Amino acid sequence: MTQTESVATGPEADSPGTAATRTDAPGTAATGTDSPGAAAPRRQTLILTAVLLAVFVVPTSISGTGVALPHIGADIGASLVPLQWVVNAFNVAFACLTLAWGSIADIIGRIRAFTIGAALYAVASLVSVFAANVYVLDAARALAGIGGAALFACGAALLSTVFEGPARGRAFALFGTVAGLGVSFGPSLSGLLVETAGWRWVFALHAVVLGLVLLAVPAMSKGVRETRDQDARIDVAGTALFVVAMLLLTTGIAQGSQWGWASPGVLGLFAGTILALAAFAAVEKRHTHPMLDLGAVADRRFLALCLVPVAGSFAFVTMLTYLPSYLTAAGGYSSGAAGLIMVLLTFPMLVLPLFAAKLVAKGVRAMTVIFVSLVCLVVGVAGLSLFSPDVDLALVALPMLITGAGYALAAGLVDGEALSLIPPERAGMAAGFLNTLRLGSEAVAVAVYGSLLATLLTGRTSDGIAAFPGAGDAATVAGTAAGGNIDGPAEAVSAAQREGFVDFLVDAYDSSFHTVIWVLAATCLVLFAVIALLLRRGGGKSPTAHAS
């Protein structure tokens, strides 16, 4: 039998009416005068503030660190490959361990797991500040990714535990807003710090913010009643297999454009991913306390809601990452002008998550808002095909705003809806799975976009580069152009042919970009259909649903 225990983690634990109680009934939470997540309003505000601070740092780091890479490389003399791992080490560690941290939080307690994550992230950020070489920095960034996974998974689980009813909806709306703002404005904030204070201050800011979060932990822990599975043990085998699967998948996608998508190496990596996931599923079915409760994933409504952020990754996050390169390479805009244009994509994140929560509070069905968000993603990303090198910005402003609205409307709302279907003692696992799909799909979507663009651009460049003597290897030229730098390869040809070569590369880039756009739109449409089908077959309230 499984024992669950509800505990008050602070001094109130010994006071009458708050003592821990046990039950031997599987899956049931302890009862008392308050619900398991009840906390005083002032303490709720403190917990929400601490979680939001932590949640802002993590996506800011994901989207903003890349801005500092040229300055890091110049300062510490790093070559390209280890320099790229300043970003990759964080992203891979984060994607691999978010699910594991969610499960661990259900065992050791969400506040404790959240605290460990904040401490790891703060220490890693301090090491990054004083790193003398790129390999130390890479290791520190991997450690920060481990801590960031804990913060994201446990932060969402804490909100699900502490807030109920309309307050939970508002809390998750703020969660989604802050996370979206971190992703959207991370590059701008990092760029400002790099230009005014130096790249080390990007990581120093992270350390300061997480230090403030750690100072709030003692007050946060008082009176928060958590449901813990006292007999559970950490699923080491399941965690290891899941990490291996994620590593193989991300490596296969990243190397697809370089090795060839049909090359034995890439196919072997994908085959290894399938085998590792199959072994993971087999282990989880047999494990008494699995890292991932496959029963929750089998719940069609929960799985459908977890797929909503995946659509956002392919429509919004890819554009947030790569549209600036298109604007500079094909559109001829400066980096500053491209950044200003991107506000059209990110502006909805400032207002729509809270607006969506208000709509739900006034009686609009949450699933109606979520379906509207999915329609906006499909229509918006398809509308981005209107882009061309000389397009009038007024024409593409609407699809950019619609795409941003699609991402913003579901931000936070989908978290609250998904976690409301899962019993509170498994909220950590559920939040970990949801955020694994969210952040994992972001990494996968960005890698797919980059590899597909490079593959298409290489093919189109190969078809006509022979007409420009001295231009160099098509794959090298395409790789440089895909990063937004067309003027660099143009320097290799004669002055008489330079303008024609630039036009050739711009046309190749524009054509490749439009093909990728339609692939993204088709992907979002398929995800929309799958989500609708799962929700339709899922019927009413999930059998695992937890009534608030």
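In this text, all values refer to a predicted model and were calculated from it rather than measured experimentally.

## What to know about the overall build of the chain
For the chain, the helix and strand inventory stands at 20 helices and three strands. Across the 548 residues of the chain, 55% fall into the buried class. Restricting to contacts in the chain with at least 6 residues of sequence separation, those with at least 24 account for 80%. In the form shown here, the chain has an accessible surface area of approximately 21600 Å², with 67% of it arising from carbon and sulfur atoms.

## Considering the pattern of salt bridges
This model, assessed by the stated rule, comprises two salt bridges. The shortest N-O distance in the salt bridge between aspartate 75 and arginine 200 comes to 3.6 Å. Residue aspartate 75 is found in helix 1 (residues 41-76), and its partner arginine 200 is found in helix 6 (residues 200-221); the two are separated by 125 residues along the sequence. Across the pair arginine 438 and aspartate 415 runs a salt bridge, and its minimum N-O distance is 2.7 Å. Taken as a pair, arginine 438 in helix 17 (residues 427-464) and aspartate 415 in helix 16 (residues 413-419) lie far apart in primary sequence, 23 residues in all. For the pair formed by arginine 438 and aspartate 415, the shared burial category is buried.

## A closer look at a nonpolar patch on the surface
Taken together, the side chains of Val343, Phe347, Leu350, Val351 and Leu401 make up a nonpolar region of the molecular surface, amounting to roughly 380 Å² of accessible area. Structurally, the position occupied by leucine 401 is in helix 15 (residues 393-410).

## Things to note about the nonpolar core
Nonpolar side chains tend to gather and get buried jointly when the protein is soluble and globular. By size, the foremost hydrophobic cluster in this structure holds 155 residues, and its most contacted members are Phe387 and Phe501. Examining the composition of this core, we find that 19 residues originate from one element, helix 10 (residues 300-329), more than from any other. Excluding residues that lie within four positions of it along the chain, phenylalanine 501 makes contacts with Ile465, Phe468, Ala471, Val477, Pro489, Ala490 and Val493. Among the nonpolar cores identified, the runner-up in size contains 18 residues, and Val86, Val129, Val202 and Phe203 belong to it.

## Considering helix 4 (residues 134-162)
Its 29 residues give helix 4 an end-to-end C-alpha distance of 41 Å, which sits within 8% of 42 Å, the value for a rise of 1.5 Å per residue. Burial analysis of helix 4 places 23 of its 29 residues in the buried class, the great majority of the element. Measuring from the backbone nitrogen of tyrosine 135 back to the side-chain oxygen at the start of helix 4 gives 3.0 Å, which picks out asparagine 133 as the cap.

## Observations concerning helix 15
Helix length check: helix 15, at 18 residues, gives a terminal C-alpha distance of 26 Å against a target of 26 Å (1.5 Å per residue), a fit within 8%. When helix 15 is considered as a whole, its buried residues turn out to be Val396, Ala397, Pro399, Met400, Thr403, Gly404, Ala405, Gly406, Tyr407, Ala408, Leu409 and Ala410. Looking at where helix 15 begins, the residue whose side-chain oxygen comes 3.0 Å from the main-chain nitrogen of alanine 394 is aspartate 392. Where helix 15 terminates, the next one or two residues include glycine 412, which has phi positive at roughly 85°.

## Some thoughts on the packing of helix 10 against helix 15
Where helix 10 contacts helix 15, the axes come no closer than 10 Å and their chain directions differ by 135°. Relative to helix 15, helix 10 is oriented oblique. Two packed elements cross with a definite hand, and for helix 10 against helix 15 that hand is left-handed. Contacts from Val308, Gly312, Ala315, Phe316, Val317 and Leu323 of helix 10 reach helix 15 at Met400, Thr403, Gly404, Tyr407 and Ala410.

## A closer look at the packing of aromatic side chains
Applying the stated rule across the entire model yields 18 aromatic pairs. Taking the centre distance of 6.0 Å and the plane angle of 80° together, the rings of tryptophan 199 and phenylalanine 203 count as edge-to-face. Classification of tryptophan 199 as buried rests on a relative accessible area of 6%. By relative accessible area, phenylalanine 203 is classed as buried at 0%. Here the aromatic cluster, defined as three or more aromatic residues joined through ring pairs, consists of Phe90, Phe94, Tyr121, Phe152, Phe172 and Phe175.

## Points about the environment of glutamate 164
Mapped onto the elements, glutamate 164 comes out in the loop between helix 4 and helix 5 (165-196). A residue is classified by how much of its surface remains accessible, and glutamate 164, at 35% relative accessible area, is partly exposed. Residues glutamate 164 and serine 420, 256 residues apart in the sequence, show an inter-C-alpha distance of 9.4 Å.

## Topic: the side chain of aspartate 299
Within the secondary structure, aspartate 299 is located in the loop between helix 9 (294-298) and helix 10. Arginine 301 provides the closest opposite charge to the buried, salt-bridge-free aspartate 299, at an N-O distance of 5.7 Å. At 3.1 Å, the side chain of aspartate 299 forms a polar contact with the backbone nitrogen of arginine 301.

## Points about the packing of helix 5 against helix 13 (residues 348-361)
Relative orientation of the contacting elements helix 5 and helix 13 amounts to 165°, with a least axis distance of 9 Å. Classified by the angle between their axes, helix 5 and helix 13 sit roughly antiparallel to one another. Judged by the twist between their axes, the crossing of helix 5 over helix 13 is right-handed. Only Met349, Leu350, Pro353, Leu354 and Ala357 of helix 13 make contact with helix 5, whose side of the interface consists of Gly169, Ala173, Leu174, Gly176, Thr177, Gly180, Leu181, Ser184 and Phe185.

## Focus: the confidence of the model for the chain
Looking at the chain, the pLDDT average stands at 80 and 86% of residues meet or exceed 70. The least confident element of the chain, judged by mean pLDDT, is strand 2 (residues 21-23) at 37; the most confident is helix 14 (residues 366-383) at 95. The model gives residues 1-38 a pLDDT under 50, and that stretch makes 91 contacts with residues more than four places away or in other chains.

## Overview of the side chain of serine 128
Here serine 128 shows up in helix 3 (residues 110-129). In contact with serine 128, not counting residues within four places along its chain, are Leu137, Ala140, Arg141, Trp199, Arg200 and Phe203.

## Comments concerning the environment of histidine 206
Tracing the sequence through the fold places histidine 206 in helix 6. Sequence separation between histidine 206 and tyrosine 121 is 85 residues; the distance between their C-alpha atoms is 8.1 Å. Excluding residues that lie within four positions of it along the chain, histidine 206 makes contacts with Val57, Ser61, Tyr121 and Ser125.

Rules used throughout
- Residues numbered from 1 in each chain as written.
- Predicted model: local features only at pLDDT ≥ 70, side-chain atom pairs only at ≥ 80, totals over all residues.
- Heavy atoms only, no water.
- Helix = DSSP H or I, 4+ residues; strand = E, 2+ residues; numbered from the N terminus.
- Buried < 20%, exposed > 50% of the residue type's maximum accessible area, 1.4 Å probe, protein only.
- Contact = heavy atoms within 4.5 Å.
- Areas by Shrake-Rupley, 256 points an atom, 1.4 Å probe, with all protein chains shown as cover.
- Salt bridge = Lys/Arg side-chain N within 4 Å of Asp/Glu carboxyl O.
- Patch = residues over 30% accessible without salt bridge, like charges linked within 9 Å, V, L, I, M, F, W, Y side chains within 5 Å.
- Core = buried A, V, L, I, M, F, W, Y, C linked by side-chain atoms within 4.5 Å.
- Expected span 1.5 Å × (residues − 1).
- Polar contact = N/O pair within 3.5 Å; in protein donor to acceptor, adjacent residues only side chain to side chain.
- Axes fitted to C-alpha atoms, helices over the stretch in contact; angles between N-to-C directions.
- Parallel < 35°, antiparallel > 145°, perpendicular 65-115°, else oblique.
- Left-handed = near helix turned anticlockwise from the far one by under 90°.
- Phe/Tyr/Trp six-rings, centres within 6.5 Å; stacked < 30°, edge-to-face > 60°.
- Lys, Arg positive; Asp, Glu negative; His and termini not counted.
- pLDDT = per-residue confidence, 0-100.

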